[in-house]
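# Coordinate analysis (summary)
Below are the chains, spelled out letter by letter.
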Amino acid sequence: MGCGTAFMRLILFVTNIVITIFSIALIAVGAVCIYKLKELETIFDDNARYLGFGSLAVGMLLLVLGITGVCGACVQGTKSCLIMHLILLGLLIIAESIGIGMLIYYSADDDLEAEISKTVQDAFKTYGGNETSSEAITDGIDMFHEVLHCCGQHTYKDWSNSSVAFTWVVTLNYKAYLPDSCCKTKTTGCGKKLSLINANQTAVNETFYTHGCEDEIHDYLDKWSGVVTGILIAIAVLQVFCFLFGVCLTCIKKD
């Protein structure tokens, strides 16, 4: 075995080990998204379903890709395994190229931002209701409060504004309180402290998250869409080299 062949095997092996590990993480993300589907659908509608099942499907595809690549790089006489790996890798490179283009296009789409804002607005209006759909919305907003460290649509003061938090203010008459998920240290009934410290802004800032969730959601999506795009481009370039190395190894191998 020449040095060039050994180098190509090494690159193919290391890359596919990374792909295998990444695929397992992606499967885990998909599983979590499916488990939390009701909460995520309150904000992202059907996009949450696409994210969950899409991550699961892509993760499984990458797992097969990684395993065939590792076997092709390590085991002598596995031309069929390498050919299967190259077919999957070629399809993946094409799919990633399309995905990168769509991600760049939609991340700059004002209509998408407007749609997310409308969905967030509708969700806050029904927060706290007793219907099954309202309970899912409540759980979803609570999750965003806690994960993004935000409170209300635009500000924590939205919880006393009936035009934003209609059910919370009008139906439940909780306009003097905040949801417990707005508390930096969450305990049962901690949102009621607002009525006691509302005049002291410093105490409010120390006790509750005060920034609105809509801006935090947009910032979060903008940040991670850029990160994901960069990662996908880097992976696609690496996969092109792996594809070329795999072709070379397939030509070199003997049955």
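Rules of the game
- Residues numbered from 1 in each chain as written.
- Predicted model: local features only at pLDDT ≥ 70, side-chain atom pairs only at ≥ 80, totals over all residues.
- Heavy atoms only, no water.
- Helix = DSSP H or I, 4+ residues; strand = E, 2+ residues; numbered from the N terminus.
- Buried < 20%, exposed > 50% of the residue type's maximum accessible area, 1.4 Å probe, protein only.
- Contact = heavy atoms within 4.5 Å.
- 1 Å grid on protein atoms, 1.4 Å probe; cavity = no way out; pocket = protein on both sides within 12 Å on 5 of 7 lines; lining within 4 Å.
- Points joined across faces, edges and corners; volume = space filled by probe spheres on them.
- Nonpolar A, V, L, I, M, F, W, Y, C, P; charged D, E, K, R; others polar.
- Patch = residues over 30% accessible without salt bridge, like charges linked within 9 Å, V, L, I, M, F, W, Y side chains within 5 Å.
- Areas by Shrake-Rupley, 256 points an atom, 1.4 Å probe, with all protein chains shown as cover.
- Salt bridge = Lys/Arg side-chain N within 4 Å of Asp/Glu carboxyl O.
- Lys, Arg positive; Asp, Glu negative; His and termini not counted.
- Charge placed at Lys NZ, Arg CZ, Asp CG, Glu CD.
- Phe/Tyr/Trp six-rings, centres within 6.5 Å; stacked < 30°, edge-to-face > 60°.
- pLDDT = per-residue confidence, 0-100.
- Disulfide = S-S within 2.5 Å.
- Core = buried A, V, L, I, M, F, W, Y, C linked by side-chain atoms within 4.5 Å.

## Let's talk about the overall build of the protein chain
- Within the protein chain one finds 10 helices and 0 strands.
- Reading the helices (α) and strands (β) of the protein chain from amino to carboxyl end gives α-α-α-α-α-α-α-α-α-α.
- Out of the 255 residues belonging to the protein chain, those deemed buried represent 40%.
- If you take every contact in the protein chain between residues at least 6 apart in sequence, the share linking residues at least 24 apart comes to 67%.

## Focus: the layout of surface pockets
- Computed from the structure, the second largest pocket encloses a volume of approximately 220 Å³.
- Forming the walls of the second largest pocket are 13 residues, and the residues nearest its centre are W168, Y174, L178, P179 and D180.
- Tallied by class, residues from the lining of the second largest pocket come to 6 nonpolar, 3 polar and 4 charged.

## Some remarks on a negative patch on the surface
- Together, E113, D215, D219 and D222 line one region of the surface with negative charge.
- It is helix α10 (residues 213-252) that provides the largest number of residues to the negative patch, a total of 3 residues.
- As for its placement among the helices and strands, E113 is situated in helix α5 (residues 110-125).
- Judged by relative accessible area, E113 falls into the partly exposed class, the value being 33%.

## What to know about the side chain of S55
- Secondary-structure assignment places S55 in helix α3 (residues 46-74).
- Excluding its chain neighbours within four sequence positions, the residues that come into contact with S55 are L26, I27, V29, G30 and Y50.

## Structural notes on the packing of aromatic side chains
- Tallied over the entire structure, the rule returns 6 aromatic pairs.
- Aromatic side chains F124 and W159 sit 5.5 Å apart centroid to centroid with 55° between the ring planes, which places their arrangement in the tilted category. Note that F124 is positioned in helix α5 and W159 in the loop between α6 (132-148) and α7 (166-171), a separation of 35 residues in sequence. Each member of the pair, F124 together with W159, is buried.

## Side note on the confidence of the model for the protein chain
- Across the protein chain, the average pLDDT comes to 81, with 87% of residues at 70 or higher.
- For the protein chain, helix α2 (residues 37-44) is the element with the lowest average pLDDT, namely 68, and helix α9 (residues 201-207) is the one with the highest, namely 91.

## Structural notes on the state of the cysteines
- What the rule picks out here adds up to 3 disulfides.
- Put simply, C151 and C182 are joined by a disulfide, and their sulfur atoms are 2.1 Å apart. Classification of the bridge connecting C151 and C182 rests on its S-S torsion, roughly 85°, and on that basis the disulfide is right-handed. Taken together, the residues C151 in the loop between α6 and α7 and C182 in the loop between α7 and α8 (194-197) connect sequence positions 31 residues apart.
- By relative accessible area, which is 0% here, C182 ends up buried.
- What pairs with C183 in a disulfide is C190, and their sulfur atoms sit 2.1 Å apart. An S-S torsion of about 110° defines the bridge between C183 and C190 as right-handed. Side by side, C183 and C190 carry an identical accessibility label, which is buried.
- Sequence-ordered numbering of the bonded cysteines in the protein chain gives a disulfide pattern of 1-6, 2-3, 4-5.

## Brief notes about the nonpolar core
- Among the nonpolar cores identified, the biggest contains 27 residues, and F124, C151, W159, L178 and F208 are the most heavily contacted of them.
- The set of elements that each furnish at least two residues to this core consists of α5, α6, α7 and α10.
- Among all residues touching C151, those that are not within four sequence positions of it are H145, Y156, W159, L178, C182, Y209, T210, H211, G212 and C213.
- One finds M8, I93, C242 and L249 within the second-largest nonpolar core, a separate group that totals 15 residues.

## A word on the environment of I93
- In this fold, I93 is placed in helix α4 (residues 79-107).
- The exposure class of I93 is buried, given its relative accessible area of 15%.
- Contacts of I93, omitting those with residues within four sequence positions, involve Q239, V240 and F243.

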